[in-house]
Amino acid sequence: MTASAASRWAIALAGAISLAVAMGIGRFAFTPLLPMMLHDRVIDLHGASWLAGANYLGYLAGALLCTFQPWIWARVPALPPINGPWLVRAGLVATGLLTLGMAQPYAATWPLLRFAAGVASAVVFVYTSGWCLAQLARRNASALGGVVYTGPGAGIVVSGLFASGMVQWDWRAVTGWAIFGVLAFALTAAVWRIFLPATGAPSVSGAPLAAPRVGETHGGTEIGFLTVAYGISGFGYIVTATFLPVIAREALPGSPWLDMFWPIFGFGVVLGALLSTRMPVTGDLRLLLAASYAVQACGIGISVWSPSLAGFAIGSVMLGVPFTAITFFGMQEVRRLRPAHAASFMGLLTAMYGVGQIVGPPLVAQLLKRSANAGAGFTLSLEVAASALLIGAALYLWMVKAYPMRR
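What you see as residue numbers is a count from 1 along each chain, following the sequence as written. Since the coordinates come from a predicted model, pLDDT governs what is reported: local features require at least 70, and pairs of side-chain atoms require 80 or more to be given and counted, while whole-chain, interface and lining totals use all residues. Side-chain calculation: all heavy atoms of the structure are included, whereas hydrogens and water are not.

Draft legend 1. The arrangement of the overall build of the protein in detail. Secondary structure follows DSSP: runs of H or I at least 4 residues long count as helices, runs of E at least 2 residues long count as strands, and numbering of each begins at the N terminus. Assigned secondary structure in the protein consists of 15 helices and zero strands. Radius of gyration: over C-alpha atoms. The globule rule applied is 2.2 Å multiplied by the number of residues raised to the 0.38 power. Compactness check: the protein gives a C-alpha radius of gyration of 20 Å against a globular reference of 22 Å for 407 residues, within 12% of the reference. Taken along its principal axes, the extent of the C-alpha atoms in the protein is 55 × 45 × 45 Å. Each of the 407 residues in the protein was classed as buried or not, and the buried ones make up 55%. Looking at the protein alone, contacts between residues at least 24 apart form 85% of all its contacts between residues at least 6 apart. All accessible areas in this document rest on Shrake-Rupley with a 1.4 Å probe, and a residue is counted as covered only by the protein chains that are shown. Total accessible area on the protein is roughly 16000 Å²; 70% of this is exposed by carbon and sulfur atoms. Only four residue types enter the charge count: Lys and Arg as positive, Asp and Glu as negative, with His and the chain ends excluded. Where a charge lies is defined by one atom per residue type, namely NZ (Lys), CZ (Arg), CG (Asp) and CD (Glu). Positive and negative side-chain charges of the protein, numbering 22 and 10 respectively, have mean locations separated by a distance of 13 Å. Burial classes: relative accessible area under 20% of the type maximum marks a residue as buried, over 50% as exposed, and values in between as partly exposed (1.4 Å probe, protein chains only). By definition in these notes, contact holds between two residues if any of their heavy atoms fall within 4.5 Å.

Dropping the structure here:
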């Protein structure tokens, strides 16, 4: 392997590990640990919905911070220069500390900790994406961007398998949070030297972004519709991604496979990210985005129509495969439409995604409260989520016709 190839792979793998920490642990460790927290009686389903919402609200706040960071720094000269790698490092350290904080028996602080973890997740996601994609583009290796987005799936698989083992060993949730916090620090140490802060002027990505594939200017309306469509995916997946182990327990009480559906979802995420590297990035990615939404909607539908072992397994894979592929394609669309300000608009899309996520858990809480039983509330929630994804797919197809790519 040449030095250049080694450099490309080092960047891609560092990006994947960074996202594994920020997303797989910082955001999604809560999902496999939730049944343990319920079993330990430190939280109930209603409280879990609002605790999840606090994390997603933090994700929104972090995304907005990324969106307006250049504007803030341009108007406050006293602020010290920062760049993408520096923020990635800071966010990863914060994720480890905040995860360890959840192992402390102070439930009153948990909403604040989950909110802050959401902020850190968004910052790491946006600046890891911006820096890694730019560095790979400079090395003519844009297709390896898909490897970067295997990170969340890998983190989900690891956290899910760890949690499954802890359930079998009858460990408490507090132990799980402590283990994940230590793991976050170990993975951060592994990539610390890759994210080298650049010297000189503050920079979002650490390198100039590659030229867009087509045209040089695009109207604000087009990026606006992309932002709305991308935000729909945040709402569409979040019900399942937050409550999958709990939903499975309601449908299949006593099954020995209950804790495996979440790692299966993570495996689908990794598979989808790897498949995205094999797809051409020169065509109209909005068609791939529409197809991805449709696949996720079908995955949710299968879980509703067939709440069985096979139904949950197939549904988990179908929900997971397009998960980070949607992110990869969406971020590439941002770079096509706004190449000179990609990181800020990545933050904007991530913020809208956060809005979608915030709506999900409170909706579930209300439907559970109004339903005769938890199963009925979860079913209605999943039906609403699947319908939203189909609307998002239709919006992308409309955009293909309304805003054709210039050749």
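Draft legend 2. Spatial organisation of a nonpolar patch on the surface. A cluster of nonpolar side chains, contributed by V228, M352, V355 and V359, occupies part of the molecular surface with about 270 Å² of accessible area. Examined against the element boundaries, V359 turns out to sit in helix 14 (residues 342-370). The patches described consist of residues with a relative accessible area above 30% and no salt bridge, like charges being joined within 9 Å and nonpolar side chains (Val, Leu, Ile, Met, Phe, Trp, Tyr) within 5 Å. Take a side-chain nitrogen of Lys or Arg and a carboxyl oxygen of Asp or Glu: if they are within 4 Å of each other, that pair is a salt bridge.

Draft legend 3. Broad picture of the environment of A365. Positionally, A365 belongs in helix 14. Of the residues examined, A365 reaches a relative accessible area of 2% and is grouped as buried. On a C-alpha basis, the gap between A365 and L51 in space is 11 Å, while along the polypeptide they are 314 residues apart. When near neighbours in sequence (up to four residues on either side) are disregarded, A365 contacts H46, S49 and W50.

Draft legend 4. The pattern of salt bridges, seen in detail. Taken as a whole and judged by the stated rule, the model has five salt bridges. E222 is the partner of R286 in a salt bridge, and the nearest nitrogen-oxygen pair spans 3.7 Å. Of this pair, R286 sits in helix 11 (residues 285-305) while E222 sits in helix 9 (residues 220-251); the two residues are 64 residues apart in sequence, bridging distant segments of the chain. The class of E222 is buried, set by a relative accessible area of 7%.

Draft legend 5. Region of interest: the state of the cysteines. Working definition: a disulfide is two cysteine sulfur atoms within 2.5 Å of each other. Per the stated rule, a full pass over the model turns up zero disulfides. Looking at the unpaired C66, the closest cysteine sulfur is the one in C132, lying at 14 Å. Look at C66 and you get buried, because its relative accessible area is 2%.

Draft legend 6. Geometry of helix 5 (residues 110-138). In this model, helix 5 (29 residues) spans 42 Å end to end at C-alpha, consistent with the 42 Å of a helix rising 1.5 Å per residue. Burial of helix 5 is extensive: 23 of the 29 residues sit out of reach of the surface. Just downstream of helix 5 lies N140, where phi reads positive at about 55°. One fewer than the residue count of a helix, multiplied by 1.5 Å, yields its expected span.

Draft legend 7. The nonpolar core, seen in detail. If you look at the biggest cluster of nonpolar residues, it comprises 115 residues, and the most contacted ones within it are F30, Y149, W177, L226, Y237, F265 and Y396. Each residue touching F30, except ones within four places of it in the same chain, is listed here: M37, A48, L51, A52, R114 and W177. Note on terminology: a nonpolar core comprises buried Ala, Val, Leu, Ile, Met, Phe, Trp, Tyr and Cys residues joined through side-chain atoms within 4.5 Å.

Draft legend 8. A look at the packing of aromatic side chains. Note on aromatic pairs: the rings of Phe, Tyr and Trp (six-membered ring only in Trp) are paired at centre separations within 6.5 Å, and the planes decide the class, stacked below 30 degrees, edge-to-face beyond 60, tilted for the rest. Counted according to the given criterion, the structure contains 20 aromatic pairs. Each ring, one from F225 and one from Y403, has its centre 6.3 Å from the other, and the planes form 45°; the classification is tilted. Here F225 is found in helix 9, whereas its partner Y403 is found in the segment after helix 15 (374-402), with 178 residues between them in sequence. Between F243 and F378, the ring centres sit 5.7 Å apart and the planes meet at 45°, which makes this aromatic pair tilted. Residue F243 is found in helix 9, and its partner F378 is found in helix 15; the two are separated by 135 residues along the sequence. On the basis of relative accessibility, which here comes to 0%, the residue F243 falls in the buried class. For F378, a relative accessible area of 2% corresponds to the buried category. An aromatic cluster is present here, built from F28, Y230, Y237, W262, F265, F323 and Y353 joined pairwise through their rings. One residue, R27, lies across the ring of Y59, its end atom 4.2 Å from the ring centre. Only when the NZ of Lys or the CZ of Arg is both within 6 Å of the ring centre and within 35 degrees of the ring normal is a charge said to sit over the ring.

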